Amino acid sequence: MEEHEALQGIRRRSAASLLQEAAHTNALEDEAWEQVRQALRARSCGVLPSLLPPSSEAFLVVFPLDRSEFGPILEAARQVMETGTQQTAQELAQAARSVGALTTVPRLRHYRAGPPGASPRSRLDHRVGVEGGGFLAMPAVEALDALELGGRAPRPRDGVFPLPQGAAPGSWVVVRHGVHSAPGLVLTGVQAAYDDRAGGGAEQLMSYLRTAAAALRPAPARIEWGTDTPRSW
């Protein structure tokens, strides 16, 4: 099958190959990995995750920063993952809205308040739709309070990126409307890439990107979201 043009330049690479290419070494050390990141940046590319890999056998995703519909959202997601600042969260929300505008999925047009007794998720969806057009940056603590999780840990289906388990005080997240969306799938994949850095996280990210690309215009008549797609994304 021909590769979607939105995926061109996005590749799964091993840490070992990146180290050899940029630093001419197999040693997985901070200095050598910084050389990798600088070399990629010089080519207008980013890498996810950009943190020091757990081993040289680990796989990562290299992507062009400005030659793909997904470049800006991937880079913004990386920054939120690694800094959690208000500015990066707001930039990610805007990047997600931009990708959403390119998709065939109908835009959210009506944001009605839920009936009395509506679930916390429904009330939060209303706010995210009205204030953020589907993606809203907010403090992690505020997002968790709004979801009223009852003490359980947040899950991907709760629509919060990144998952704020053990979030630092003052960290920010992006909350997504609880419907399927291409940007939501991208962020699900980024979360997986960070959660499973030593295993199949990079391949999961590539899988989510392929599904998201299918939703970009022009798209096939039917988009296969997949049985493993979190329901509220």
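Quick caveat, the model's predicted, so the values are computed rather than measured. (Residues numbered from 1 in each chain as written. Predicted model: local features only at pLDDT ≥ 70, side-chain atom pairs only at ≥ 80, totals over all residues. Heavy atoms only, no water.)

Caption draft 1: Expanded view of the overall build of the protein chain. Each helix and strand in the protein chain was counted, giving eight helices and six strands. Counted from the first residue to the last, the protein chain has its helices and strands arranged as β-α-α-β-β-α-α-α-β-α-β-β-α-α. Taken over 233 residues, the protein chain has a buried fraction of 47%. Residue pairs at least 24 apart in sequence account for 64% of intrachain contacts in the protein chain once pairs closer than 6 positions are excluded. As displayed, the protein chain has an accessible area near 11500 Å², and 50% of this comes from carbon and sulfur atoms. (Helix = DSSP H or I, 4+ residues; strand = E, 2+ residues; numbered from the N terminus. Buried < 20%, exposed > 50% of the residue type's maximum accessible area, 1.4 Å probe, protein only. Contact = heavy atoms within 4.5 Å. Areas by Shrake-Rupley, 256 points an atom, 1.4 Å probe, with all protein chains shown as cover.)

Caption draft 2: Geometry of unusual backbone geometry. Put simply, Leu48 and Pro49 share a cis peptide bond, and its omega is -15°. Within the element layout of this structure, Pro49 appears in the loop between strand E2 (45-48) and strand E3 (59-64). Here the bond from Phe161 into Pro162 is cis, since omega is -10°, no more than 30 degrees from zero. You can see Pro162 is positioned in the loop between strand E5 (160-161) and strand E6 (172-176). One non-glycine residue with positive phi stands out, namely His24, at about 55°. Take His24: its relative accessible area is 65%, and that puts it in the exposed class. Phi is positive for Glu148, close to 50°, though the residue is something other than glycine. Position of Glu148 relative to the elements: it lies in the loop between helix H6 (140-147) and E5.

Caption draft 3: Inspection of the packing of aromatic side chains at higher detail. This model, assessed by the stated rule, comprises zero aromatic pairs. In this structure, Arg12 is placed above the aromatic ring of Phe59, and the distance from its NZ or CZ to the ring centre is 3.8 Å. (Phe/Tyr/Trp six-rings, centres within 6.5 Å; stacked < 30°, edge-to-face > 60°. Lys NZ or Arg CZ within 6 Å of the ring centre and 35° of its normal.)

Caption draft 4: Examining empty space enclosed by the protein more closely. Applying the stated criterion across every chain, the model contains one cavity of 30 Å³ or more. Of the volumes computed, that of the largest cavity is approximately 40 Å³. Surrounding the largest cavity, Pro49, Pro53, Pro54, Ala58, Phe59, Leu60 and Arg197 form its lining. By residue class, the composition of the lining of the largest cavity is six nonpolar, no polar and one charged. (1 Å grid on protein atoms, 1.4 Å probe; cavity = no way out; pocket = protein on both sides within 12 Å on 5 of 7 lines; lining within 4 Å. Points joined across faces, edges and corners; volume = space filled by probe spheres on them. Nonpolar A, V, L, I, M, F, W, Y, C, P; charged D, E, K, R; others polar.)

Caption draft 5: Expanded view of the sheet that holds strand E1 (residues 11-14). Here three strands make up an open sheet; going across it, the order is E1-E3-E2 and the pairing antiparallel. Edge positions in the sheet fall to E1 and E2, since each has one partner strand and no second. Each strand axis lies, on average, 35° off the axis of its neighbour in the sheet, ignoring direction. In this structure, E2 lies alongside E3, joined through four bridges in antiparallel fashion. When the sheet's bridge partners are listed, Gly46 is paired in E3 with Phe63. Strands E2 and E3 of the sheet are contacted by helix H2 (residues 30-42), whose axis makes an angle of about 140° with E2. Running over the sheet, helix H3 (residues 71-83) touches E2 and E3 and is turned about 130° from E3. (Pairing = 2+ DSSP bridges. Axes fitted to C-alpha atoms, helices over the stretch in contact; angles between N-to-C directions.)

Caption draft 6: Quick peek at H6. Among the residues making up H6, those that are buried are Ala140, Ala143 and Leu147. Around the axis of H6, the buried residues are gathered within 60° of arc, so they sit on the same side. Facing away from the buried side of H6, by more than 90 degrees, are the exposed residues Val141 and Asp145. Two residues or fewer past H6, Glu148 is found with a positive phi of approximately 50°. (Arc of directions from axis to C-beta.)

Caption draft 7: Expanded view of the nonpolar core. Ile10, Phe70, Ile73, Leu74, Leu92, Val190 and Leu209 are the most contacted members of the largest nonpolar core, which totals 41 residues. At the level of elements, E3, H3, helix H4 (86-100), strand E4 (135-139), E6, helix H7 (182-195) and helix H8 (201-213) are the ones that each hand at least two residues to this core. The residues touching Leu74, leaving out its near neighbours within four places in the chain, are Ile10, Leu48, Phe63, Val186, Val190, Leu205 and Leu209. Grouped together as the second largest cluster of nonpolar side chains are twelve residues, Trp33, Val36, Val47 and Val62 included. (Core = buried A, V, L, I, M, F, W, Y, C linked by side-chain atoms within 4.5 Å.)

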